Amino acid sequence: MPVHAAESNSANNTTSVTQETQTNVEKTDMEKTVDDLMSETEGTTTTLHVGDKNTCFGKMATSELFGGRYYDKAAIEEDGTLVFYRQIEEHNYSTDMTEYHYVKKNSFNLNTETQGKTIQLQTGSRFEETSNLHGEYVVLADDGRTFQVYNQEGEEIGHVEADTPESHKTEVIAEIGAAGVMAGIYFGLKHKENHING
């Protein structure tokens, strides 16, 4: 029995000395450089609002005749994709109003599930086309909101800025305020018209 205890003790001492030696070894310059690069490319986590159709800018928003894609609007959808749309205007003669319809042109898999009306993404992340239609890809810029769109040659062909939960709330408040002002003007004019005619 004592012999086994001594052997076991000896093995434990050897292991602990080896572990201590490994933890005390400093990283080489190459390992430090790799660690630095890894931490730089990780990016920061950003939260974006899901469902808003935002305006596209740049060459991608122009006609296909000029190398564009007719990407008028883009939206992060509930299925975790960034979808680009072409906006089509149609005049409704029965209501004498212009109506807007959106036709899906392309989509990019954001590789993350949405949480209700938000999605969390890493800045610097690259996302590929879901259909490999044009060989394009998008990159989430360091500002945490702008998706930069690149063609298959790596040329930036445009961008779209997504809404954060905060900017979405601000827009909703502004829209409600504008609708209130318009309603006030309408009812004011109607009241004035009734007063003049009455």
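Structure first, text after, so check above.
Reference entry: report on the structure contained in this document.

What counts and what doesn't
Residues numbered from 1 in each chain as written. Predicted model: local features only at pLDDT ≥ 70, side-chain atom pairs only at ≥ 80, totals over all residues. Heavy atoms only, no water. Helix = DSSP H or I, 4+ residues; strand = E, 2+ residues; numbered from the N terminus. Buried < 20%, exposed > 50% of the residue type's maximum accessible area, 1.4 Å probe, protein only. Areas by Shrake-Rupley, 256 points an atom, 1.4 Å probe, with all protein chains shown as cover. Phe/Tyr/Trp six-rings, centres within 6.5 Å; stacked < 30°, edge-to-face > 60°. Contact = heavy atoms within 4.5 Å. Polar contact = N/O pair within 3.5 Å; in protein donor to acceptor, adjacent residues only side chain to side chain. Pairing = 2+ DSSP bridges. Axes fitted to C-alpha atoms, helices over the stretch in contact; angles between N-to-C directions. Lys, Arg positive; Asp, Glu negative; His and termini not counted. Salt bridge = Lys/Arg side-chain N within 4 Å of Asp/Glu carboxyl O.

Describing the overall build of the protein chain
Along its length, the protein chain carries three helices and 10 strands. Ordered by position in the sequence, the α and β elements of the protein chain form the string α-α-β-β-β-β-β-β-β-β-β-β-α. By the burial criterion, 27% of the 198 residues in the protein chain qualify as buried. If you sum the accessible surface of the protein chain, you get close to 13500 Å²; carbon and sulfur atoms cover 53% of it.

Let's talk about the packing of aromatic side chains
What the rule picks out here adds up to four aromatic pairs. For the pair Tyr-85 and Tyr-102, a centre-to-centre distance of 6.2 Å together with 75 degrees between the ring planes defines the contact as edge-to-face. Here the residue Tyr-85 occupies a position in strand β4 (residues 81-92), and Tyr-102 occupies one in strand β5 (residues 97-109), the gap between them amounting to 17 residues. In this structure Tyr-85 comes out as buried when scored by relative accessible area, which is 11%. Judged by centre distance (5.2 Å) and plane angle (10 degrees), the rings of Tyr-137 and Tyr-150 are stacked. One end of the pair, Tyr-137, is in strand β8 (residues 137-140); the other, Tyr-150, is in strand β9 (residues 146-150), and 13 residues separate them in sequence. In this pair, the class of Tyr-137 matches that of Tyr-150, namely buried. Joined through ring pairs, the aromatic side chains of Tyr-71, Phe-84 and Phe-108 make up one cluster.

Quick look at the environment of Ser-125
Looking at the element boundaries, Ser-125 is found in the loop between β6 (118-122) and β7 (126-128). Exposure remark for Ser-125: the relative accessible area of 19% places this residue in the buried category. Put simply, Ser-125 and Leu-110 are 15 residues apart on the chain and 9.0 Å apart in space, counted from C-alpha to C-alpha. Non-local contacts of Ser-125, meaning those with residues more than four positions away in its chain, are made with Val-138, Val-139 and Leu-140. Here the side chain of Ser-125 touches Gln-122 through a polar contact of 2.8 Å, landing on its backbone oxygen.

A look at the environment of Thr-45
Note on placement: Thr-45 falls in strand β1 (residues 45-49). Residue Thr-45 is classed as exposed on the basis of its relative accessible area of 52%. For the pair Thr-45 and Gly-144, spaced 99 residues apart in sequence, the C-alpha separation works out to 7.8 Å. The contact partners of Thr-45, leaving out residues within four places of it in the chain, are Gln-120, Leu-121 and Gln-122. At 2.6 Å, the side chain of Thr-45 and the side chain of Gln-122 are in polar contact.

Side note on the sheet that holds β7
Strand pairing within a sheet occurs via backbone hydrogen bonds; the two strands may be parallel or antiparallel. Read from one edge of the open sheet, eight strands run β5-β4-β3-β2-β10-β9-β8-β7, paired in antiparallel fashion. Looking along the sheet, the strands with just one partner apiece sit at the ends: β5 and β7. On average, each strand axis in the sheet is inclined to that of its neighbour by 30 degrees, with strand direction left out of account. Alignment of strand β2 (residues 54-57) against strand β3 (residues 73-76), held across two bridges, turns out to be antiparallel. Pairing of Asn-54 across the sheet is with Ala-74, part of β3.

Details of the side chain of Glu-129
Mapped onto the elements of the fold, Glu-129 is located in the loop between β7 and β8. No salt bridge is formed by the buried Glu-129. Its closest oppositely charged neighbour is Arg-69, at 6.6 Å. Of note is the side chain of Glu-129, whose polar atom sits 3.0 Å from the backbone nitrogen of His-134. Side-chain polar atoms of Glu-129 contact the backbone nitrogen of Glu-136, separated by 2.9 Å.

In short, shape yes, function no, at least from these values alone.
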